[in-house]
Amino acid sequence: MPSIEDNKDVWAKTHDWQQLGNEWSDRWGSPDMQWYGTILPRIHRYLPAATMLEIAPGYGRWTNYLKDLCSHLVVVDLSEPCIEYCKERFRSCSHIEYFVNDGLSLAQVPDDSVDFAFSFDSLVHVEDDVMESYVSQLSRKLKKSGVAFLHHSNLGNYPLSSRLLKALPRNRITHWFFSPTVLISHWRGPSMTAEKLARIAKNSGLKCLSQELINWQSLRLMDCISVVAHNDSPWPEAVRALKNPGFMQEAKMFKRLAVLYGISPQTGLPKG
């Protein structure tokens, strides 16, 4: 059950950042293939955006792409080492602002300032209290036409998985846990669901433009990508959530394509 302190301990102290987080793109062949094949097609209609906010950038795997699609980028992370690394990695970019937060607050971000908020492959590790805090604040931080693209846990829709994960010892990260009836993977927040995110958004004066329920190296749709905006936003909302059990097949396809199209001429290795 990943608490704020658990996340802070892991990403600031115990996780080995030797691969800069790029290892989580291995299923796509490289970060380039994941960005251009999977992420960018889902957000391209909101880009470019004047002011962006990225929540929990880690070592800047997606910051590396977002920085070129805005005139001002604000990155917020509860891990000071992650923020310090991003400062060094993107030291030539004068349009990026960096903040260490408490894992809940966006107080450093001015109200009515954000055109596009983004978080991918990070907020899946938080519980509903964190998502409620961030989403409720986004209702103030987003401009009237602003949009937030949030990748979060949907593990709460699998009660048995959630109960087993909650029973694990504190601070124990279990990437793969097998039983005869359940597979838990990747330290998802067991209290979070797509329906809960939609409810939090509604209570905060926001609407879900779309929700895509996806699998993550599992048969279960344990993750969700929710896109939210103000109720009076010009962006239309989707009719219903989309269940996409083929998400990892998408990743597999891009990894195969990386052999043809994702090779760096300098190194002969997959780009990114």
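In this text the structure is predicted, and so the values were computed from the model without any measurement.

Considering the overall build of the protein
When helices and strands are tallied, the protein shows eight helices and ten strands. Within the protein, buried positions represent 55% of all 272 residues.

Observations regarding the packing of aromatic side chains
In this description, an aromatic ring pair is defined by two values, namely the gap between the centres and the angle between the planes. All told, the structure shown has 21 aromatic pairs when counted by the stated rule. Between the aromatic rings of F116 and F118, the centroid separation amounts to 6.4 Å while the plane-to-plane angle is 40°, which identifies the pairing as tilted. Comparing F116 with F118, the two get one shared label, buried.

Some words on the sheet that holds strand 4 (residues 114-119)
With mixed pairing, eight strands are arranged side by side in an open sheet as 3-2-1-4-5-9-8-10. Edge positions in the sheet fall to strand 3 (96-100) and strand 10 (242-244), since each has one partner strand and no second. Averaged over all pairs of adjacent strands, the angle between strand axes in this sheet comes to 15°, irrespective of strand direction. As defined by bridge partners, strand 4 adjoins strand 5 (residues 142-153) across five bridges and the pair is classed as parallel. Bridge pairing in strand 5 links A117 to A148. Across the sheet, helix 4 (residues 80-89) touches strand 2 (72-77) and strand 3, and the angle it forms with strand 3 is around 165°. Each of strand 1 (51-55), strand 4, strand 5, strand 8 (206-214) and strand 9 (223-230) touches helix 5 (residues 128-141); the most contacted strand, strand 5, lies at about 165° to it.

Considerations on the packing of helix 5 against helix 7 (residues 194-203)
At a minimum axis distance of 9 Å, the contact between helix 5 and helix 7 shows a crossing angle of 35°. You can see that helix 5 and helix 7 cross each other, and the crossing is right-handed. On helix 7, the residues touching D128, M131, E132 and V135 of helix 5 are K196, L197, I200 and A201. Partitioning the contact of helix 5 with helix 7 into residue classes produces five nonpolar, no polar and three charged.

Observations regarding the nonpolar core
Formed by 39 residues in total, the largest nonpolar core has its most connected members in I43, F116, F118 and F120. The element best represented in this core is helix 8 (residues 247-261), accounting for five residues. Setting aside residues no more than four positions away along its own chain, F116 makes contact with I43, Y46, L47, A49, T51, M52, L53, V147 and F149. Within the second largest apolar cluster, 26 residues are counted, among which are L123, V135, I200 and V228.

Concerning the pattern of salt bridges
A complete count under the given rule lists eleven salt bridges for this structure. Between D121 and R61 there is a salt bridge, with the nearest N and O atoms lying 2.7 Å from each other. Here R61 lies in the loop between strand 1 and helix 3 (63-66) and D121 lies in the loop between strand 4 and helix 5, a separation of 60 residues in the sequence. Judged on exposure class, the residue D121 and its partner R61 are both buried. Linking K143 and D115 is a salt bridge whose minimum nitrogen-to-oxygen distance equals 3.2 Å. One end of the pair, K143, is in strand 5; the other, D115, is in strand 4, with 28 residues separating them in the sequence. Assessed through its relative accessible area of 18%, D115 is described here as buried. Among the ionic contacts, a cluster of salt bridges with common partners joins R42, E212 and E250.

Brief notes about the pairing of strand 1
Among the five residues of strand 1, five are classified as buried, and the element is accordingly described as predominantly covered. Side chains of strand 1 alternate between two faces, with T51, L53 and I55 and M52 and E54 buried alike. Pairing of strand 1 with strand 2 involves five bridges; the strand directions are parallel. Counted as the bridge partner of I55 is V76 from strand 2. In this sheet, strand 4 lies alongside strand 1 in parallel orientation, the contact comprising three bridges. What sits directly across from E54, in strand 4, is F118.

Topic: the pairing of strand 5
Extensive coverage of strand 5 is indicated by the burial of nine of its twelve residues. Following the chain from strand 4 across helix 5 to the adjacent parallel strand 5, one finds a crossover that is right-handed. Pairing between strand 5 and strand 9: seven bridges, direction antiparallel. Looking at the pairing, V147 lines up with A229 of strand 9.

The rules behind these values
Residues numbered from 1 in each chain as written. Predicted model: local features only at pLDDT ≥ 70, side-chain atom pairs only at ≥ 80, totals over all residues. Heavy atoms only, no water. Helix = DSSP H or I, 4+ residues; strand = E, 2+ residues; numbered from the N terminus. Buried < 20%, exposed > 50% of the residue type's maximum accessible area, 1.4 Å probe, protein only. Phe/Tyr/Trp six-rings, centres within 6.5 Å; stacked < 30°, edge-to-face > 60°. Pairing = 2+ DSSP bridges. Axes fitted to C-alpha atoms, helices over the stretch in contact; angles between N-to-C directions. Contact = heavy atoms within 4.5 Å. Left-handed = near helix turned anticlockwise from the far one by under 90°. Nonpolar A, V, L, I, M, F, W, Y, C, P; charged D, E, K, R; others polar. Core = buried A, V, L, I, M, F, W, Y, C linked by side-chain atoms within 4.5 Å. Salt bridge = Lys/Arg side-chain N within 4 Å of Asp/Glu carboxyl O. Right-handed = clockwise from strand over helix to strand, strands pointing away.

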